[in-house]
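# Examining the three-dimensional arrangement
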Amino acid sequence: SFPTRRSSDLMRSGTTVLGIQYCFDHPAIANAIICKGRDQRVKTKLLMDHAQFEGPSCTAQTETLRDLFDWGCEMRTYKPSGGGFACLHAKVWIGEDEYTTGSVNTTKSGMSTNKEILLHAKSAIGAQQLRGWHEELWSAASPITEERLRKIEEKKKTKRSQSLSRRPLRDEED
């Protein structure tokens, strides 16, 4: 599809791709990041919303982030200051002289079934400004470590087993 193709094409634009994503569970894009990193030595630095990382709303996000982490993708979480529901809700992929941004999360639903806006622009100036913003947030963000990722995986396992144990048992019919 257009968004998936465009997002993975962006990784041809240099040696580093920066991402800011609220949700991320799209396997094809994760695979493209891993392959470009492995085959063409493209480095990826992914910045995620702190609360979304701690309690993901997309079902496959934890597994996707595990794959990226194991490959060597640098990832951090950012927690905006302020109360209420303050979050890092940006969705942007930044190359050397181009970027892709819009309303779409990098999720299977976002990239295939939702009605979203996605803009791909070739602009060295725009990409430079976005890289500056990414670096500003990156320096204030917390690294995703093996320990943090393992805690999220354990939390997900516990939540899943608790929900399974709450399911009502069906009576067997004679």
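All values reported here derive from a predicted model rather than from experimental measurement. (Residues numbered from 1 in each chain as written. Predicted model: local features only at pLDDT ≥ 70, side-chain atom pairs only at ≥ 80, totals over all residues. Heavy atoms only, no water.)

### Re the confidence of the model for the protein
Filter applied, for reference: pLDDT is defined as a per-residue confidence score from the predictor, taking values between 0 and 100. Helical segments are the DSSP runs of H or I of at least four residues, strand segments are the runs of E of at least two, and each set is numbered from the N terminus.
Of the residues in the protein, 83% have a pLDDT of 70 or more, and the chain-wide mean is 85. Confidence, read as mean pLDDT per element, is least for helix H1 (residues 2–9) in the protein (49) and greatest for strand S7 (residues 142–143) (98).

### Quick notes on the environment of Thr 145
Summarising the element assignment, Thr 145 is placed in the loop between S7 and helix H7 (146–165). Expressed as a C-alpha distance, the spacing of Thr 145 and Glu 74, which sit 71 residues apart in the sequence, is 9.3 Å.

### Some details on the side chain of His 134
This is how the line gets drawn: Remark: exposure states derive from per-residue accessible area (1.4 Å probe, protein chains only) relative to the maximum for the residue type, with buried under 20%, exposed over 50%, and partly exposed in between. Nitrogen and oxygen atoms within 3.5 Å of one another constitute a polar contact, given that in protein one can donate a hydrogen and the other can accept it, and given that sequence-neighbouring residues count only through two side-chain atoms. Pairs of residues are marked as contacts when any of their non-hydrogen atoms sit within 4.5 Å.
Residue placement: His 134 occurs in helix H6 (residues 124–139). A residue is classified by how much of its surface remains accessible, and His 134, at 0% relative accessible area, is buried. One polar contact links the side chain of His 134 to the main-chain carbonyl oxygen of Lys 45, over a distance of 3.3 Å. Every residue in contact with His 134, bar those within four places of it in the chain, is listed here: Leu 18, Gly 19, Ile 20, Lys 45, Leu 47 and Ile 94.

### A short note on the environment of His 50
Relative to the elements of secondary structure, His 50 occurs in helix H3 (residues 50–54). For the pair His 50 and Ser 142, spaced 92 residues apart in sequence, the C-alpha separation works out to 8.5 Å. With near-sequence residues (within four places) excluded, His 50 lies in contact with Thr 77, Tyr 78, Lys 79 and Arg 148.

### Re the nonpolar core
How we decide: By convention a nonpolar core is built from buried Ala, Val, Leu, Ile, Met, Phe, Trp, Tyr and Cys residues, the set being connected through side-chain atoms within 4.5 Å.
In this structure, Phe 24, Leu 46, Leu 65, Leu 68 and Met 75 are the most contacted members of the largest nonpolar core, which totals 20 residues. Looking at this core, the elements with two or more residues in it are helix H2 (27–40), strand S2 (43–49), helix H4 (61–71) and H7. With 4 residues, H2 is the single largest residue contributor to this core. If sequence neighbours within four positions are ignored, Phe 24 has contacts with Ile 29, Ala 30, Ile 33, Leu 46, Met 48, Cys 58, Gln 61, Thr 64, Leu 68, Trp 93, Thr 106 and Thr 107. With 15 residues, the next largest nonpolar core counts Ile 20, Tyr 78, Ala 127 and Leu 137 among its residues.

### Details of H6
Here is the rule: What a helix should span is 1.5 Å times the count of its residues minus one. Here the arc refers to the set of directions running from the helix axis out to each C-beta atom.
The end-to-end C-alpha distance of H6 is 22 Å, a good match for the 22 Å that 16 residues give at a rise of 1.5 Å each. Residues of H6 that are buried: Gly 126, Ala 127, Leu 130, His 134, Leu 137 and Trp 138. Taken end-on, H6 shows its buried residues confined to a sector of 105°, consistent with a single buried face. Structural note: H6 exposes Ile 125, Gln 128, Gln 129, Glu 136 and Ser 139 on the side pointing more than 90 degrees away from its buried face. On its buried side, H6 packs onto strand S1 (16–21), S2, strand S3 (74–78), strand S4 (92–94) and strand S5 (98–102).

### Some points on the pairing of S3
On a regular strand, one side chain projects to one face of the sheet and the next to the other, so that they alternate. Which entries qualify depends on this criterion: Strands are labelled as partners when DSSP assigns at least two bridges between them.
With 5 bridges joining them, S2 and S3 adopt parallel strand pairing. Bridge pairing in S3 links Leu 46 to Met 75. Relative to S7, S3 runs antiparallel, the two sharing 2 bridges. Bridging across to S7, Arg 76 finds its partner in Pro 143.

### Remarks on unusual backbone geometry
For residues that are not glycine, phi is negative in most cases, and the peptide bond is trans in most cases. With phi around 55°, Arg 41 is a residue other than glycine that occupies positive phi space. The class of Arg 41 is exposed, set by a relative accessible area of 69%.

### Details of the pattern of salt bridges
The criterion, for reference: Take a side-chain nitrogen of Lys or Arg and a carboxyl oxygen of Asp or Glu: if they are within 4 Å of each other, that pair is a salt bridge.
One pass over the full model with this rule turns up 13 salt bridges. Measuring nitrogen to oxygen at the nearest pair gives 3.3 Å for the salt bridge that ties Glu 54 to Arg 148. Of the two residues, Glu 54 is situated in helix H3 and Arg 148 in helix H7; the sequence distance between them amounts to 94 residues. Under the relative-accessibility criterion, Glu 54 is labelled partly exposed at 26%. In this structure, Glu 147 and Lys 151 form a salt bridge, with 3.5 Å as the shortest nitrogen-oxygen distance. Of this pair, Glu 147 and Lys 151 both sit in helix H7, separated by 4 residues, roughly a single helical turn. Linked through salt bridges whose partners overlap, the residues forming this network are Arg 66, Asp 70, Glu 146, Arg 150 and Glu 153.

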